[in-house]
Amino acid sequence: MKKIALWEARHPKMVVLIALILLIPSLIGFVCTPINYDIMSYLPDDLESVQGEVVLDKTFNNAAMSIVVVKDMPARYTAALKSEIEQIEGVSTVLWVNEIADTSIPKEILPDVLTDIFYSQDGTETMMLVQYKNEGASETTLNAIKQMKKITAKNVYISGLSATIENIKSICETEAPIYIAFGVFLALVVMMLMMESWVLPFITMATIGTAILYNMGTNFFLGSISFITQSIAAVMQLGVTMDYSIFLMDRYNEEKMLNSDKAIAMANAVSKSFSSLMGSSLTTVFGFLALCFMKLGLGFDIGFVMAKGVLFGILTALLILPAFILIMDDKITKYKHKTIIPNFDKLNNKVFDKRKLLAIIFVVLLVPAYFVQSKAEKYYNMDKALPQDLSSIQGLNELKTNFNMACTHFVIVDDSLSSAEITQMEEKMESVEGISSLLAYNSLVGPAIPQEIIPDALLAICKADGLQLMMVNSVYPAATDECNEQVEQLETIAKLYDPSAMITGEGAISKDLVDVTRVDFKVTAAISIAAIFILIAISFRSITVPFLLVVSIELAIWLNLSVSVILGKELSFVDPTVINCVQLGATVDYAILLTTRFREELRNGVDKHNAILRAVSAAEKSILQSASVFFASTFGVYLICDISLIKGICALIARGSVISAIMVSCFLTPILYLSEKFIAKTTHKWNPKVKEIAEEKEEAVTNEE
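Sequence order sets the numbering: in each chain, residues are counted from 1 along the sequence as written. In keeping with the predicted nature of the model, local features appear solely for residues at pLDDT of at least 70, side-chain atom pairs appear and are counted solely at 80 or more, and the whole-chain, interface and lining totals rest on all residues. The side-chain numbers reported here are obtained from all heavy atoms of the structure, hydrogens and water having been left aside.

Attention now moves to the overall build of the protein chain. Per the convention used, a helix needs a DSSP run of H or I reaching at least four residues, while a strand needs a run of E reaching at least two, with both numbered from the N terminus. Within the protein chain, the secondary structure is distributed over 25 helices and 13 strands. Summarising its shape, the C-alpha atoms of the protein chain cover approximately 115 × 55 × 40 Å along the three principal directions. Using a 1.4 Å probe on the protein chains alone, a residue whose accessible area is under 20% of its type maximum counts as buried, one over 50% counts as exposed, and one in between counts as partly exposed. The proportion of buried residues among the 705 residues of the protein chain is 56%. Throughout, the Shrake-Rupley method with a 1.4 Å probe supplies accessible areas, and for residues the shown protein chains are the sole cover considered. Surface exposure of the protein chain reaches about 30000 Å², of which carbon and sulfur atoms provide 60%.

Of note, Asp72 is a non-glycine position whose phi angle comes to about 50°, a positive value. Take Asp72: it is sitting in the loop between strand 2 (66-71) and helix 4 (75-86). Overall, Asp72 belongs to the exposed group, its relative accessible area being 56%. Unusually for a residue other than glycine, Asn404 sits at a positive phi of about 55°. With respect to the helices, strands and loops of the structure, Asn404 is situated in the loop between helix 15 (391-402) and strand 8 (407-414).

With that settled, the discussion passes to the packing of aromatic side chains. Only the six-membered ring of Trp is used, alongside the rings of Phe and Tyr, when aromatic pairs are assigned; centres must lie within 6.5 Å, and planes under 30 degrees apart are stacked while those over 60 apart are edge-to-face, with the rest tilted. All chains considered together, the criterion is met by ten aromatic pairs. Relative to Phe221, the ring of Phe220 has its centre 5.8 Å away and its plane inclined at 80°; by these criteria the two rings are edge-to-face. Taking relative accessible area as the criterion, Phe220 reaches 42% and is therefore assigned partly exposed. Two thresholds decide whether a charge sits over a ring: the Lys NZ or Arg CZ must be within 6 Å of the ring centre and within 35 degrees of the ring normal. A cation over an aromatic ring shows up here: Lys608 above the ring of Tyr673, its NZ or CZ 4.6 Å from the ring centre.

With that settled, consider the pairing of strand 2. Within strand 2, five of the six residues are buried, which leaves the element mostly enclosed by the surrounding structure. Bridge analysis of strand 2 against strand 4 (residues 125-132) gives six bridges, and the strand direction is antiparallel. Residue pairing across strands places Ile67 opposite Leu129, the latter belonging to strand 4. One bridge is not enough; two strands pair if DSSP finds at least two bridges between them. The pairing of strand 2 with strand 5 (residues 156-159) spans four bridges and is classified as antiparallel. Paired with Val70 across the strands is Val156, a residue of strand 5.

Here we take up the layout of surface pockets. Once rolled over the atoms, a probe with the size of a water molecule shows which space is left empty. Empty space within the largest pocket amounts to approximately 1500 Å³. Lining the largest pocket are 50 residues, with Phe247, Arg251, Ser276, Leu593 and Ser622 sitting closest to its centre. Of all the secondary structure elements, the ones that give two or more residues to the lining of the largest pocket are helix 9 (227-256), helix 10 (262-289), helix 12 (321-334), helix 20 (506-540), helix 22 (575-603) and helix 23 (608-640). A total of eleven residues in the lining of the largest pocket trace back to one element, the largest contributor, which is helix 9. Looking at the lining of the largest pocket residue by residue, the class counts come to 22 nonpolar, 13 polar and 15 charged. Those elements that provide at least two residues to the lining of the second largest pocket are helix 14 (355-373), strand 7 (378-379), helix 19 (481-497), helix 20, helix 21 (544-566) and helix 22. With seven residues, the single largest contributor to the lining of the second largest pocket is helix 20. Residues of the lining of the second largest pocket, tallied by class, amount to 15 nonpolar, eight polar and nine charged. Points on a 1 Å grid over protein atoms alone make up a cavity when a 1.4 Å probe fits among them but cannot get out, and a pocket when they form an open set with protein on both sides within 12 Å along at least five of seven lines; lining residues each have an atom within 4 Å of a point. Grid points are joined across faces, edges and corners, and a volume is the space filled by probe spheres set on the points. All residues other than Ala, Val, Leu, Ile, Met, Phe, Trp, Tyr, Cys, Pro, Asp, Glu, Lys and Arg, Gly among them, are scored as polar; the first ten of these are nonpolar and the last four charged.

The subject of this paragraph is helix 2 (residues 12-32). Working rule for helices: expected span equals 1.5 Å times residues minus one. Taking 1.5 Å per residue, 21 residues should reach 30 Å; helix 2 reaches 31 Å between its end C-alpha atoms and fits that length. Taking the largest bend as the criterion, helix 2 deviates by roughly 25°, centred on Ile24, and proline Pro25 comes between one and four positions later. All buried positions along helix 2 are accounted for by Pro12, Val15, Val16, Ala19, Leu23, Ser26 and Gly29. Bend, in this description, refers to the angle at a residue between axes fitted to the seven residues ending there and the seven starting there.

In regular strands, side chains alternate between the two faces of the sheet. For strand 9 (residues 435-439), the buried fraction is high: four of the five residues fall into the buried class. Judged from the four bridges that link them, strand 9 and strand 11 (residues 467-474) form a sheet pairing that is antiparallel. Bridged to Leu438 within strand 11 is Val472.

Bringing the confidence of the model for the protein chain into the picture now. Residue-level pLDDT values for the protein chain average 85, and 92% of them are 70 or greater. The predictor reports its confidence for every residue as pLDDT, a score running from 0 up to 100. Per-residue pLDDT, averaged within each element of the protein chain, yields its smallest value for helix 25 (residues 688-704) (54) and its largest for helix 21 (94).

A word on the packing of helix 7 (residues 161-194) against helix 8 (residues 200-218). Note on method: axes are straight lines fitted to C-alpha atoms, helices fitted across the in-contact stretch only, with angles between N-to-C directions ranging 0 to 180 degrees. Two numbers describe how helix 7 lies on helix 8: the axes approach to 9 Å, and their chain directions differ by 140°. By the angle between their directions, the pair helix 7 and helix 8 is classed as oblique. Remark: the crossing between helix 7 and helix 8 carries right-handed chirality. Contacts between helix 7 and helix 8 involve Val184, Ala187, Leu188, Met191 and Met192 from the first element and Pro201, Phe202, Thr204 and Met205 from the second. To sort the angles, those under 35 degrees are grouped as roughly parallel, those over 145 as roughly antiparallel, those from 65 to 115 as roughly perpendicular, and the leftovers as oblique. Crossings are sorted by hand: turned counterclockwise from the far helix by less than a right angle, the near helix makes the crossing left-handed, and turned clockwise it makes it right-handed. Every residue pair with non-hydrogen atoms within 4.5 Å of one another is taken to be in contact.

Turning our eyes to something else, we now look at the sheet that holds strand 5. What the four strands build is an open sheet, ordered 3-4-2-5; its pairing is antiparallel. Of all the strands in the sheet, the pair left with one neighbour each is strand 3 (91-95) and strand 5. Recorded for the sheet is a direction-independent mean angle of 25° between the axes of neighbouring strands. Of the strands in this sheet, strand 2, strand 3, strand 4 and strand 5 are in contact with helix 6 (residues 139-151), which crosses strand 4 at around 150°. Across the sheet, helix 15 lies against strand 2, strand 4 and strand 5, angled at about 95° from strand 5, the strand it touches most.

This part takes up the nonpolar core. Among buried residues, the Ala, Val, Leu, Ile, Met, Phe, Trp, Tyr and Cys ones that are joined through side-chain atoms within 4.5 Å form a nonpolar core. In terms of nonpolar packing, the biggest core is built from 163 residues, with Phe227, Ile643 and Leu645 touching the most fellow members. The residues contacting Phe227, other than those within four sequence positions of it, are Ile35, Asn36, Tyr37, Ile39, Ile168, Cys172, Met382, Ile643, Leu645 and Ile646. Formed by 45 residues, the second largest nonpolar core is a distinct cluster that contains Met128, Val130, Tyr157 and Ala464.

Once that is clear, we can look at the pattern of salt bridges. The rule for a salt bridge is simple: a side-chain nitrogen of Lys or Arg has to be within 4 Å of a carboxyl oxygen of Asp or Glu. Considering all chains together, one arrives at 18 salt bridges under this definition. For Lys272, the salt bridge goes to Glu255, with nearest N and O atoms at 3.1 Å. Here Glu255 lies in helix 9 and Lys272 lies in helix 10, a separation of 17 residues in the sequence. Looking at Glu255, the relative accessible area reads 3%, which means it is buried. Residues joined in a network through salt bridges with shared partners are Lys256, Lys262, Asp329 and Asp330.

We now examine the side chain of Asp512. Examined against the element boundaries, Asp512 turns out to sit in helix 20. Of the side chains bearing the opposite charge, Lys511 lies closest to the buried Asp512, which forms no salt bridge; the N-O distance is 4.6 Å. Ignoring any residue separated from it by four or fewer positions in sequence, one finds Asp512 in contact with Leu47 and Ser49. Two residue types count as positive, namely Lys and Arg, and two as negative, namely Asp and Glu; His and chain ends fall outside the count.

Structurally, Ile543 can be placed in the loop between helix 20 and helix 21. Aside from chain neighbours lying at most four places away, what touches Ile543 is Phe533 and Thr682.

Interhelical geometry of helix 23 versus helix 24 (residues 644-681) gives an angle of 175° and a closest axis separation of 8 Å. Taken together, the axes of helix 23 and helix 24 lie roughly antiparallel to each other. Of the residues in the contact of helix 23 with helix 24, the class split is 20 nonpolar, five polar and five charged.

Right, here's the structure in full:
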């Protein structure tokens, strides 16, 4: 490593030129990487609800169905609107009451089955079902929804999963660049205040920005990434990898005092920092990689991209940052200034004086913090993650309020079932608590009407390829306990008549999402803790040190989640899983830094009292800088973002960085001091100096004798 470091230190302009050239393919890859806005698409393919969606899509063109709610519009205008929608590219069929009955017939004398489904309870609203030719998240379908919005009035609402996805895409495309830029701006302000030069923050930001572009550009090889990853990856990578740049710059300043040749000083800084930086980054990498073990594909999406980002961060810190610093070294020195970082000596002395009390508080907090965070309420439906003034959300609210349609289940059965069996099945399903209406072939046309005279639009929705489709409407919102129980009852009824029957739709998918993520949380938490525990154990050659460090950060995570519970905040279904891996992997570095410095002071012969005070005093600057940048970058996104899913993750990460910093400085410090003797006994070569001193004393006693 020393030879590589010396070469790059002697040729900084060449290194910068190569780095800039590599940005070209990265930018191309970044622009060309498709973004997936459909979270449900990340569910495992072996789930029956997912397989049912495939059947809906391939057989009935129904997976992407939208419900258009029309308010206070005469029937002839509604019929005209229906005809316009049918002409839009990407739209397959539009089903409204005029496919079954003449609109000249007053709705008051229409059959109940039609009025119950197509008209609101007060009769002022009607709805039509729109099917698309392509998948729900495809560009063609989303463009079709955009066109529908253009031709509809304010009293027309488009609801459904595809409409929600279109809203998410629209928000991300317009807001994401703004809130990412704001997060970066806040991080830059913090860096300017905390670093000792006005120039250094821009150099650091340029280096980390290069790593971010490398990371986002290489996502092209993944095929696509989720909108969540796209929205938070940049600010998370900035906050997580800031440590590496700070550590290298501090080391370079130390080496400059020993070497007049700046190139040699930088080469020494890089070579001496290499092993410690790589070791530090591994805990973060493994924290993110733990997400890849989720059955929900979203975990791999976030975890792999962020693990890759950390690796790019460490490589740019070791290879590109030194070149930037050497080129701009004179400017860095010229524009030096005092930082706002205060002196924490008084606080550290107070913490040390109260060490036993703080240690007791640490231990006492473990049980209640774990218990409270386990009570966190989570939501699984996307309507809670979006602003309530969006058209898709307003449409859903209209369906809930006026049509008793909070959720729609799709039941797929074999068309070879007899009319009597189908009728019995429908009657049993309609009797399930919370079912408001049922749309099916039998219920609409009756068993006596020949199939030849049935409208093609109705037939295409209800029957295809030997299968029959029923649309069962529920008053219960998706992902609620009532809706999940309802799905189970419907499934039992359907399989009683057809063992191969499938139930899908938002309700069934959300139920599977609940089941999958509940297991995912436990698995990823266990893997991240185990992986980081092993890494720290190997690094320190200790059993006690990893236990203390992991427990301290786990307590910080539990406190973080407990704050949400106390404030009555609902979390998205991905929040606990992501924060457990991210906060543990990213902020355990604070604890490692403190512990490493404490061991170093002890090995230098400093007594335990002064060693812990020196360690925390030296480590606090880096911890404060890192936590502040992490907080600023993610808090900036939280302030501006309108998507609760992204907003919630950033809020937890921002708060978690602060809690972890406090936990390490104020609680882990006394814990390490009080446990030092036990640590020494359970750690290989914790403090060889103690053994040397003991041997010297023994030798002195022997000589005296």
